[in-house]
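Chains, contacts and geometry: an overview
Residue-level listing of the chains:
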Amino acid sequence: MAHPCLRCGACCAYFRIAFHWSETDPFLGGTVPEALTEKLDPHRVVMRGTQSSRPRCVALKGTIGEAAYCGIHPIKPSVCREVEPSWEFGRHSPQCDKGRIAHGLKPLTPEDWLDPSGDSAPPLPQSA
């Protein structure tokens, strides 16, 4: 089953992505490329593109609702790591729903996380 976020991208094109500037400073353990951010205030930066009237994070690749992904996924800002897709971990995410609805996508449901083959357990290894 493909992760629903790999078709979505709505959060990345709806919310302002603001976080502490230290996440861009390698000396302090930051991993987010500073060139992908712009200053918000003395303590925070934002991902480029997310302050506009039609936000879209500079790191978002692909087409929203079809095939979209974060181009810096392993090193994305903490605020991005904190957003949970609705029902992935058995609970609703108002942020996820809000972004999806804004882009004409249906909110995720618990059924979106079921294996389409109907198997609830991973396949057993085949013996030789």
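Data block above holds the structure.
Read on for an overview of the structure. (Residues numbered from 1 in each chain as written. Predicted model: local features only at pLDDT ≥ 70, side-chain atom pairs only at ≥ 80, totals over all residues. Heavy atoms only, no water.)

**Observations concerning the packing of aromatic side chains**
As enumerated under the stated definition, the model contains one aromatic pair in all. When the ring of Tyr-14 is compared with that of Phe-15, the centres are 4.9 Å apart and the planes differ by 90°; the resulting orientation is edge-to-face. Accessibility expressed as a relative area gives 32% for Tyr-14, which makes it partly exposed. (Phe/Tyr/Trp six-rings, centres within 6.5 Å; stacked < 30°, edge-to-face > 60°. Buried < 20%, exposed > 50% of the residue type's maximum accessible area, 1.4 Å probe, protein only.)

**Describing helix α2 (residues 94-102)**
Listing the buried residues of α2 in full gives Cys-96, Asp-97, Gly-99 and Arg-100. In a view along the axis of α2, the buried residues occupy a sector of 165°, so they form one face of it. Exposed residues lying more than 90 degrees from the buried face of α2 are Pro-94 and Ile-101. Gly-104, located one to two residues past α2, shows a positive phi value of around 75°. (Helix = DSSP H or I, 4+ residues; strand = E, 2+ residues; numbered from the N terminus. Arc of directions from axis to C-beta.)

**Brief notes about the sheet that holds strand β1 (residues 18-20)**
If you trace the three strands from one edge of the open sheet to the other, you get β1-β3-β2, paired in antiparallel fashion. Of all the strands in the sheet, just β1 and β2 (37-39) have a single pairing partner and so form its edges. Between one strand axis and the next, the sheet turns by 40° as a mean value, whatever way the strands run. Bridge analysis of β1 against strand β3 (residues 44-47) gives three bridges, and the strand direction is antiparallel. (Pairing = 2+ DSSP bridges. Axes fitted to C-alpha atoms, helices over the stretch in contact; angles between N-to-C directions.)

**Some points on the nonpolar core**
Membership of the largest hydrophobic core is limited to eight residues, which are Ile-17, Phe-19, Val-32, Val-45, Met-47, Cys-57, Ala-59 and Ile-72. Contact partners of Ile-72, with chain neighbours within four places excluded, come to Val-32, Pro-33, Leu-36, Met-47, Ala-59 and Pro-77. (Core = buried A, V, L, I, M, F, W, Y, C linked by side-chain atoms within 4.5 Å. Contact = heavy atoms within 4.5 Å.)

**What to know about the pattern of salt bridges**
Within the structure shown, the criterion is met by three salt bridges. A salt bridge links Glu-38 to Arg-48; its shortest N-O distance comes to 3.3 Å. Placement of the pair is Glu-38 in strand β2 and Arg-48 in the loop between β3 and β4 (60-63), with a sequence separation of ten residues. When the shortest N-O distance is used, the salt bridge between Arg-91 and Glu-84 registers 2.7 Å. The class for Arg-91 is partly exposed, based on a relative accessible area of 44%. (Salt bridge = Lys/Arg side-chain N within 4 Å of Asp/Glu carboxyl O.)

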